[in-house]
Amino acid sequence: MGGGGWPLLRRAPGRMLRSGSLAVMITVSVALLAGLVAAGPLFGRSTAAGSLERKLATVPSNTQLTRQAALGVTVLGPLAPAAEPRITKKVDEVPWLGEPVTSTRASAWQLDDAQPTPFLAVGQRRREAVLWYRTGAVEALDVVQGRRGTKGIWLPDNVARSLGLEPGDTFRAGKTIQGGDIVGCAGNGTVAQVPGMAANTSARVKLAGTYRTGADGALPSGTYFSSIAALLPGDPLGCPTPATLMIGDRESVETALAGAQETPTWTYSASLVPAGRTPQHLEQAASAAQLLKVAGADPGSELTGLLTGEGAIGRVETALPELQTQAEADARTAADQGRGIAYAGGTLGLAAVVVALQALAQRRRRETELLLGLGTPVPVVIGAGALELLLPAVLGAAVGGAGAWLAFEQFGPQSELGPGAVRATVLAAGFVAVLTLVANALVTLLQTRTIARNLAGLKVSRGGGPWLPLLTGATVLAVGATLSRDGNSSYTDPLAAVLPILVLACGCALVVRFAGMVAGAFGRWRAGSPAQASRGRALTSPDRLVVRGLRNTGVAVADLVVILAIGIGVLAYGLVSANTVHASALDKASVLAGANSAARIPHSYDLGGGEGPTPDLPAGRSVVWRATGQLRPDYVTVDVLVVDPATLRRAASWGEGPDLAQARTALGLLGSGSTGSSDGGASESGSAGADPRNATVPAVLVGVDANSAGTAGSGGTVLMGADEIRIGVRGSVKTFPGTGRPTILFDATSLFASFDARNPNLDPARKGISERQGTFATWVWSKESPASLDRDLADRNITVTSSRSLEESLATPVLTSSGWAAGYQVVLGVAAAALAGLSVVVAVDRRVARAAPVDLVLRRFGLRRSRLIRLRATELALTCLGALAALVPPFALMLVLLPRLVEPGPDLAPALGIQVPLGPLALSALAAAVVTLVAVVVAARRSATLKPAEVLRDDQ
């Protein structure tokens with residue numbers, strides 16, 4: 001480096017601070033690029049944790065261990081006393097699980113060949129009941145009689161009263177193979193003769209007290225028991241409720257089991273603690289649980305020896321490995337969705353940085369020419385440019401990286417990004433800073449080579465190359481690939497994120513190019529027409545000088561139109577896709593959940609209002625009965641949904657889309673009367689001679705192929721067990737709330753009247769021992785929150801055996817990950833609009849600076865400053881309108897392609913159709929207007945700061 005280069009290098013670092021808007025443009029461009037690059041790994045980390053949290057949120061606590069984030073070791077049979085602490089220790093050694101819980105119950109009725117009936121007896125009166133113990137169960141009882149903490153056996157209060165038992169009394173608990181006197185729902189107790197086996201074995205136990213139950217008279221009241229209802233023993237005699245539980249402390253239950261010669265079932269379980277609900281911790285817990293599960297299946301392992309040492313059968317149950325695998329797959333899907341958008345954002349940000357660097361190179365071109373003309377070495381010129389850009393590059397990269405990290409910490413899918421997030425952000429920011437400096441060096445090198453050839457008198461090629469045909473070809477291929485695929489890729493395909501930018505860039509460029517050709521032809525025609533030429537001369541010379549000003553900004557007006565159109569287009573696409581994705585996710589969640597909250601209860605008549613299809617319900621609730629059947633003639637498995645149309649309209653969740661709106665309208669097709677003709681004709685049940693036992697019931701088909709049941713006006717048959725229901729098809733819809741497969745929709749009044757005419761015992765809304773009580777599941781749908789519904793049902797003393805909600809369905813991983821990707825797309829759109837707006841503002845600022853001599857002359861001739869501002873505002877408004885007009889054709893194509901690009905959960909119903917949401921489009925047009933207004937303000941302020949002396953000295 002020569003001595004003459006040192007002053008240039010020494011003064012370079014601070015020069016960019018005096019560059020005004022250009023320095024701001026470069027800093028903002030680098031910041032946006034750094035933020036978009038850092039957002040890629042941060043999005044992956046955030047969605048990984050968020051996917052896991054939502055995966056765990058979709059697992060109800062009231063399920064078997066094989067579906068829960070828990071581990072359980074079950075021993076079917078006797079267990080050696082020395083084995084229990086070693087088994088408990090092995091469960092406790094699995095990381096991130098809570099304190100092990102022990103439970104035991106009588107299970108001879110399930111495990112013994114004779115299937116003896118468990119019972120409790122007072123004198124000669126016996127009824128089925130199961131001995132049961134679980135850690136914390138006695139403490140959770142809602143005590144009616146007795147003193148909490150008393151040792152012994154606790155019974156349901158209604159059972160104790162019916163047998164005349166008081167706390168402190170004794171009774172017998174045992175099993176029998178001569179239980180014909182024990183009445184059950186599906187039949188009486190076991191009656192068998194087994195050589196060598198006693199007919200009755202029992203132990204005398206003391207009644208410690210009684211506890212309150214739900215409306216079914218079996219399940220103990222309280223959230224402790226409702227949350228583990230799936231883990232409670234089922235009724236031995238076939239009732240659709242848990243068994244009558246004889247609950248006691250461990251010592252009392254063990255003594256009773258031994259005295260009755262019962263076969264016990266032991267379970268040692270532990271659940272995932274809150275600290276374990278992270279991807280890393282869940283992976284550790286799942287790995288350890290899987291090892292224990294494998295050991296439980298290995299005949300030679302220590303665990304198998306402990307479980308089977310007394311002749312019992314042992315098994316290890318857990319869903320941790322499956323949940324971890326599913327959460328990992330969901331996180332991978334979400335990361336794939338974000339990766340494509342990150343690539344698109346990085347490309348867009350890099351393009352903005354390159355444009356800013358080109359503007360910087362153009363601004364210092366005169367200086368570079370002088371330096372090279374004076375013999376300054378090219379490396380010195382490049383080094384000076386790098387030092388000049390160092391501060392904006394580092395500042396922009398730091399601000400962009402920090403902004404991305406803070407945004408994900410505050411607003412991301414999961415705030416816990418992990419310790420590696422900061423390192424990933426720093427690496428991304430450093431990479432962008434270095435990339436910016438390298439890109440600037442390349443731009444400067446190319447510029448110096450061009451200037452050197454000019455100084456040497458050599459010809460310099462200024463052709464831009466066939467970039468538009470290449471861009472058009474790539475866009476056509478991408479559109480063709482999108483149209484030819486199966487439509488199930490959604491955001492998981494990177495093409496879904498890149499295609500909008502390709503289509504918008506190519507489409508806007510082609511429209512502007514075509515408009516330029518048309519305008520040129522029109523201009524030539526106008527110049528050749530005397531009348532049009534004289535009319536054109538009516539425009540005053542000052543107006544021409546101002547309105548044509550954009551042609552002297554260093555950026556062609558056509559390019560400005562394209563830049564603004566692309567920025568606003570990407571913003572509009574992000575807003576439209578986010579709006580569409582969230583609406584589609586709500587529709588799909590409504591189909592999954594049925595209502596904002598839903599609770600399964602034992603019987604509809606427990607709600608009040610007596611028997612029948614219309615129980616007493618507050619506004620916003622409805623009862624829905626569900627069952628499974630087969631639709632003839634193809635014996636298609638279908639769900640049967642029985643509803644009250646009047647109350648369901650207000651209780652169900654109807655989403656926002658047209659398919660569910662059609663489903664809501666279809667409720668009006670379900671009349672209260674059934675069709676009298678057995679062949680599906682149209683005569684009503686009131687017709688003379690109609691036999692109600694053979695009457696057809698009006699029905700609506702949901703998602704059923706027309707070939708399976710015909711169309712509106714036809715008939716069909718639904719088989720439910722041994723029962724046949726003849727239906728008259730009133731209509732069909734694609735989907736309906738609460739349906740996951742083909743469904744037959746009935747009006748409760750019509751269907752239950754048909755049941756009552758044939759056999760009242762079929763009606764699930766009637767009291768009594770009914771086979772249909774087990775066939776139909778009774779649900780309460782409500783527009784209230786789940787907590788409010790559960791609280792009200794608890795106040796009515798109604799047991800909730802399971803529940804679901806719209807919130808849980810919205811937490812379905814494929815829906816949440818698409819929503820996150822849609823939010824990411826909006827961020828990309830805002831960044832693109834900001835970059836486009838910044839480019840327009842900088843171009844306008846340069847235009848006013850370049851037009852300073854003209855403005856000075858016009859002012860000297862009396863042209864007012866307000867007139868200059870109005871003319872420039874008109875000029876910029878026309879540019880904005882031109883950008884919006886150029887955006888219309890390519891954006892229309894994007895709306896057609898939108899369902900194939902962004903549909904959340906393509907396998908879920910209803911399918912996403914073509915939509916044109918006006919709100920996001922209006923917001924995008926408003927953003928274009930704001931950019932135009934800011935540009936007008938910048939132009940006015942720049943014009944107001946012009947000083948004649950500086951204008952006359954300006955070398956530009």
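Because the structure is a prediction, the values reported are computed rather than measured.

Cut-offs applied
Residues numbered from 1 in each chain as written. Predicted model: local features only at pLDDT ≥ 70, side-chain atom pairs only at ≥ 80, totals over all residues. Heavy atoms only, no water. Helix = DSSP H or I, 4+ residues; strand = E, 2+ residues; numbered from the N terminus. Buried < 20%, exposed > 50% of the residue type's maximum accessible area, 1.4 Å probe, protein only. Contact = heavy atoms within 4.5 Å. Areas by Shrake-Rupley, 256 points an atom, 1.4 Å probe, with all protein chains shown as cover. pLDDT = per-residue confidence, 0-100. Phe/Tyr/Trp six-rings, centres within 6.5 Å; stacked < 30°, edge-to-face > 60°. Lys NZ or Arg CZ within 6 Å of the ring centre and 35° of its normal. Expected span 1.5 Å × (residues − 1). Bend = angle between axes of the 7 residues up to and from the residue. Polar contact = N/O pair within 3.5 Å; in protein donor to acceptor, adjacent residues only side chain to side chain. Pairing = 2+ DSSP bridges. Salt bridge = Lys/Arg side-chain N within 4 Å of Asp/Glu carboxyl O. Core = buried A, V, L, I, M, F, W, Y, C linked by side-chain atoms within 4.5 Å. Patch = residues over 30% accessible without salt bridge, like charges linked within 9 Å, V, L, I, M, F, W, Y side chains within 5 Å.

**Some thoughts on the overall build of the protein chain**
Within the protein chain, the secondary structure is distributed over 31 helices and 21 strands. Put simply, the protein chain has 956 residues, and 50% of those count as buried. Once local pairs closer than 6 in sequence are excluded, the contacts in the protein chain between residues at least 24 apart make up 80%. When the accessible area of the protein chain is evaluated, it comes to approximately 41,700 Å², of which 58% is carbon and sulfur surface.

**Let's talk about the confidence of the model for the protein chain**
Residue-level pLDDT values for the protein chain average 81, and 84% of them are 70 or greater. Within the model, the stretch residues 549-554 combines pLDDT values under 50 with 15 contacts to residues more than four positions away or in other chains. Low pLDDT, under 50, characterises residues 672-689; the stretch is placed with 38 contacts to residues that sit more than four places away or in other chains.

**Quick notes on the packing of aromatic side chains**
Tallied over the entire structure, the rule returns seven aromatic pairs. When the centroid spacing of 6.4 Å and the interplanar angle of 55 degrees are considered together, the rings of Trp 132 and Phe 225 count as tilted. Placement of Trp 132 in strand β5 (residues 130-134) and of Phe 225 in helix α7 (residues 223-226) is noted, with a sequence separation of 93 residues between them. We note that Trp 132, like Phe 225, is buried. Seen from their ring centres, Trp 625 and Phe 752 are 4.9 Å apart, and the 80 degrees between their planes marks the pair as edge-to-face. With Trp 625 in strand β14 (residues 621-632) and Phe 752 in helix α23 (residues 748-758), this residue pair connects regions lying 127 residues apart in the sequence. For Trp 625, a relative accessible area of 0% corresponds to the buried category. By way of ring pairs, the aromatic residues Trp 625, Phe 752, Phe 755 and Phe 776 are connected into one cluster. Sitting over the ring of Phe 119, Arg 126 keeps its end group 4.9 Å from the ring centre. Looking at Arg 804, its charged tip hangs above the ring of Trp 779, at a distance of 4.5 Å from the centre.

**Considerations on the environment of Thr 482**
Here Thr 482 is to be found in helix α15 (residues 467-484). Spatially, the C-alpha atom of Thr 482 lies 8.2 Å from that of Ala 496, the residues being 14 residues apart in sequence.

**Digging into helix α13 (residues 378-411)**
Counted at 1.5 Å a residue, the expected span for α13 with its 34 residues is 50 Å, and the 47 Å between its end C-alpha atoms agrees. Of all bends in α13, the biggest is about 40 degrees, found at Leu 389, and the proline Pro 392 comes one to four residues later.

**Observations regarding the side chain of Thr 201**
In this structure, Thr 201 sits in strand β9 (residues 200-211). Residue classification places Thr 201 among the buried residues on the basis of a relative accessible area of 9%. At 2.7 Å, the side chain of Thr 201 forms a polar contact with the backbone oxygen of Ala 260. Beyond its immediate sequence surroundings of up to four residues, Thr 201 is in contact with Phe 119, Gly 174, Lys 175, Ala 260 and Gln 261.

**Thoughts on the pairing of strand β15 (residues 636-643)**
Burial analysis of β15 places six of its eight residues in the buried class, the great majority of the element. Where β14 folds back onto β15 in an antiparallel hairpin, the turn is made up of three residues, including Tyr 635, whose phi is positive at roughly 55 degrees. When β15 meets strand β19 (residues 743-747), the two strands line up parallel, connected through five bridges. Along β19, the bridge assignment pairs Val 640 with Ile 744.

**What to know about the pattern of salt bridges**
In the structure shown here, the tally under the stated rule is 17 salt bridges. In this structure, the salt-bridge partner of Asp 181 is Arg 126, at a minimum N-O distance of 2.8 Å. One end of the pair, Asp 181, is in the loop between β8 (170-176) and β9; the other, Arg 126, is in strand β4 (residues 125-128), and 55 residues separate them in sequence. The partly exposed category is assigned to Asp 181, whose relative accessible area is 40%. Glu 317 is the salt-bridge partner of Arg 315, the closest N and O atoms lying 2.8 Å from each other. The structure contains a network of salt bridges with shared partners spanning Glu 84, Arg 250 and Glu 254.

**Let's talk about the nonpolar core**
Membership of the largest hydrophobic core comes to 70 residues, with the highest contact counts inside it found for Phe 891 and Leu 901. Sort the elements by how many residues they give to this core and helix α19 (residues 557-593) lands first, with 13 residues. Of all hydrophobic cores here, the second largest spans 37 residues; its members include Val 138, Ile 153, Trp 154 and Ala 160.

**Observations concerning a nonpolar patch on the surface**
Judged by side-chain polarity, Val 378, Val 434, Val 438, Leu 442 and Leu 445 come together as a nonpolar surface patch covering roughly 390 Å² of accessible area. Examining the composition of the nonpolar patch, we find that four residues originate from one element, helix α14 (residues 420-455), more than from any other.

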